[in-house]
Amino acid sequence: MLKFIIRRLLQLVVVLFVLSILLFAWLRALPGGVVSAMLGERATPESRARLTEAFGLNEPLPVQYWRFLTRALQGDFGVSTGVQPGKTATSILIERFPATVELSVVALLLAVVVAIPLGYLAAKKRASFLDNSSIVVSLIGVAVPVFFLAFLLKYVFAIKLGWLPVSGRSSIPDATQVTGFFVLDGLLTREWDAAWDALKHLVLPGIALASIPFAMIFRITRASVLEVLDEDFVRTAQAKGLSHRVVRGRHIMRNALLPVITAVGLQVGALLAGAVLTETVFNFGGIGEALKFAFTLRDYPVLQLLVFVAALTYVLVNLLVDILYAVVDPRVRTR
Amino acid sequence: MNDSQMPDRPRGLGARRKQRIDDLAATSGGTTVAEAGTVDDSGGVGLIASAWRRLRRNPIFLTGLAITVAFVLLAVLSPWIAPHDAADNPLIDKVSRQSNPIPGPEPGFPLGGDDSGRDLLSRLLVGSQQTLLVGVFATLFGLIGGLTLGTVAGAFGGWVDSVVMRIVDVMLSIPSLLLAVSISALAAEPSQWTVIIAVAVVQVPIFARLLRGSMLAQRGKDHVLAARALGVKRSAIILRHMLPNSLGPVIVQATLVLATAIIDAAALSFLGLGNPDDSKPEWGQMLGQAQQYIYDNPHLAFYPAACIIVVALGFTLMGESLREALDPKSRR
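Now for a description of the structure that goes with this document. Since the model is a prediction, treat every value here as computed from it, not as a measurement.

A separate point is the overall build of chain B. Looking only at helices and strands, chain B features 13 helices and zero strands. Listing the helices and strands of chain B from first to last along the sequence gives α-α-α-α-α-α-α-α-α-α-α-α-α. Looking at the 332 residues of chain B, the share that counts as buried comes to 50%. Taking contacts inside chain B between residues at least 6 apart in sequence as the whole, the part at least 24 apart equals 71%. Accessible area for chain B stands at about 15400 Å²; split by element, carbon and sulfur atoms hold 64% of it.

Put into structure tokens, the structure is as follows:
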């Protein structure tokens with residue numbers, strides 16, 4: 001088990017190293033170089049020279065890369081030039097990351113809570129009306145662009161009906177902040193109305209963002225339950241008269257959920273990509289929205305850091321999933 | 001739950017036995033894909049032939065196929081169907097910046113116009129062309145890139161495999177949209193082709209991983225070992241024996257990617273990284289550009305969005321039913 005974890009950690013280091021090279025190369029490959037990309041129309045020979053000096057762009061590439069790497073390892077990615085000028089990229093990340101985590105967790109919870117039971121029922125009643133209609137819904141979920149769904153929800157439930165807030169994370173500006181997770185903060189400080197308000201702000205973006213993982217988790221649960229239902233041990237368990245509850249919990253779901261765990265891990269990437277679109281529609285103030293601004297305003301320090309963090313989150317979550325998987329299923333460890 | 005299962009079981013067992021035989025026939029008949037296609041129905045049934053037999057009666061597949069055929073026909077015929085030139089602006093007099101930026105419907109213009117006074121219906125019809133172009137080329141480029149990487153990795157194995165797969169891992173670790181956006185930021189000027197390339201790059205690692213997996217499975221198969229024992233050249237074994245037999249899942253994925261490519265292109269437009277030249281309309285671009293008028297004139301977004309959803313659904317329905325038909329495990 002320890003060997004398995006160590007091997008996976010080594011792979012992680014390699015992936016992160018290659019990623020750092022790619023990010024470094026990417027910044028240097030920008031049209032006209034990073035200096036003109038950042039200065040744009042305002043470029044004068046003096047300002048160009050100053051920036052070139054400041055970034056150390058006149059030094060050999062390996063030296064530049066080494067400095068980039070050592071600074072990055074200390075969490076120093078430079079100062080924002082567009083999203084929140086003057087602030088360091090790292091402080092922007094720290095300020096905005098909780099919002100995206102909160103939104104993603106809500107979306108993933110929504111998806112899991114609906115998709116797994118639905119997948120089980122659909123498989124159990126194969127080819128029934130419930131099965132067919134939930135398949136169609138999950139396929140439509142894949143076909144609808146996330147930002148359009150987000151807009152649709154906002155238009156109907158926030159603008160036309162006025163049931164839920166239109167945008168942002170909170171409408172109580174003086175709510176106490178402890179962790180940056182607004183719902184949690186409200187609960188910790190016993191400001192119930194602040195927690196309730198933050199939760200209401202999460203509903204629409206949460207549903208929009210949940211549409212991607214929902215479709216995937218539903219389909220994998222359904223396929224996986226179908227496969228397990230056909231196994232001999234399930235038939236044996238039923239034949240020896242175990243109650244349905246026991247067969248469902250101990251024999252079917254315990255085995256069927258293994259591939260679902262992997263699928264949930266892989267959905268983290270899709271969630272982060274979807275967060276860019278959803279947060280933009282709802283002005284949610286997380287790293288997704290910051291990424292959109294950073295691209296529009298060509299804020300490269302922020303971009304570099306946020307893309308790196310998005311990839312790091314994805315890799316770490318999947319490492320955790322793999323370890324969890326190895327704990328649950330001994331067959332994996334020997335591979 | 002009990003009564004839903006009991007009558008099912010004997011039927012299920014019989015069907016399963018038949019299906020096992022079906023599977024055996026499929027695998028024995030289908031040594032190579034090319035061969036499998038030519039095997040006639042009297043003997044063994046090839047994988048493709050038996051897949052087609054099941055697809056022909058599958059309403060999900062037929063719906064997807066119908067949507068796709070209609071979409072392609074529309075793309076080809078739209079210049080003749082469209083009542084107006086998509087780039088022409090006959091309604092420009094009706095556009096006023098202050099009161100009414102979007103001309104409403106009137107005789108000859110059933111859906112009204114856009115912010116430049118161009119006929120919305122004509123733009124939607126002609127938009128199918130560029131949309132098809134984006135979908136097909138993004139998929140094609142992604143496929144070529146992925147096939148190359150996956151074939152190299154899967155065919156050679158060893159350290160080549162390790163290096164290629166680490167690069168693929170890194171590409172997969174960056175959320176797809178961020179990767180596409182990063183690639184399109186590299187272009188000096190955004191155009192339809194930068195959108196296509198950005199969307200294609202995202203698909204490369206997926207195709208590569210898929211193909212490598214099935215190539216690795218092929219390496220130990222009897223027909224590959226036999227070819228190697230007969231002294232067939234390595235390149236010939238890879239290209240003629242391993243590659244054609246690994247293509248099944250890749251074809252399925254390509255069908256699904258046609259849908260995601262169109263959706264991703266729309267997302268790029270939404271983020272302001274789409275093709276700025278709108279003389280040749282594309283649905284994703286129209287949807288992206290409609291965002292600025294979305295509260296007062298949501299119909300500008302609804303129509304292209306509906307087109308994208310229907311077409312993406314068509315490709316997805318086709319891809320999913322193909323996957324099910326080609327997967328021996330799901331033949332029930």
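This is not the end of the story, as more comes after the structure.
Below, the discussion takes up the environment of Arg-118 of chain B. All names here are of chain B. Relative to the assigned elements, Arg-118 resides in the loop between α5 (59-81) and α6 (120-156). Judged by relative accessible area, which is 7%, Arg-118 ranks as buried. Through-space distance from the C-alpha of Arg-118 to that of Asp-296 is 18 Å; in sequence the pair is 178 residues apart. Leave out the neighbours within four places in its chain, and Arg-118 touches Ala-86, Ala-87, Asp-88, Asn-89, Pro-90, Gly-112, Gly-113, Arg-123 and Asp-278.

Residue and element names in this part refer to chain B. Mapped onto the fold, Ala-208 is located in helix α9 (residues 192-219). The buried category is assigned to Ala-208, whose relative accessible area is 0%. Along the chain, Ala-208 and Gly-146 lie 62 residues apart, while their C-alpha atoms are 4.1 Å from each other. Non-local contacts of Ala-208, meaning those with residues more than four positions away in its chain, are made with Gly-146, Leu-149, Gly-150 and Val-168.

All right, on to the packing of aromatic side chains then. Residue and element names in this part refer to chain A. Considering all chains together, one arrives at 16 aromatic pairs over all chains under this definition. On the basis of an interplanar angle of 35 degrees and a centroid distance of 5.6 Å, the ring pair of Phe-151 and Tyr-155 is categorised as tilted. In this pair, Phe-151 and Tyr-155 are both assigned in helix α7 (residues 146-160), four residues apart and thus about one turn of the helix distant. Three or more aromatic residues joined by ring pairs form one cluster here, namely Phe-17, Phe-24, Tyr-65 and Phe-68.

What counts and what doesn't
- Residues numbered from 1 in each chain as written.
- Chains lettered and ligands numbered in written order.
- Predicted model: local features only at pLDDT ≥ 70, side-chain atom pairs only at ≥ 80, totals over all residues.
- Heavy atoms only, no water.
- Helix = DSSP H or I, 4+ residues; strand = E, 2+ residues; numbered from the N terminus.
- Buried < 20%, exposed > 50% of the residue type's maximum accessible area, 1.4 Å probe, protein only.
- Contact = heavy atoms within 4.5 Å.
- Areas by Shrake-Rupley, 256 points an atom, 1.4 Å probe, with all protein chains shown as cover.
- Phe/Tyr/Trp six-rings, centres within 6.5 Å; stacked < 30°, edge-to-face > 60°.

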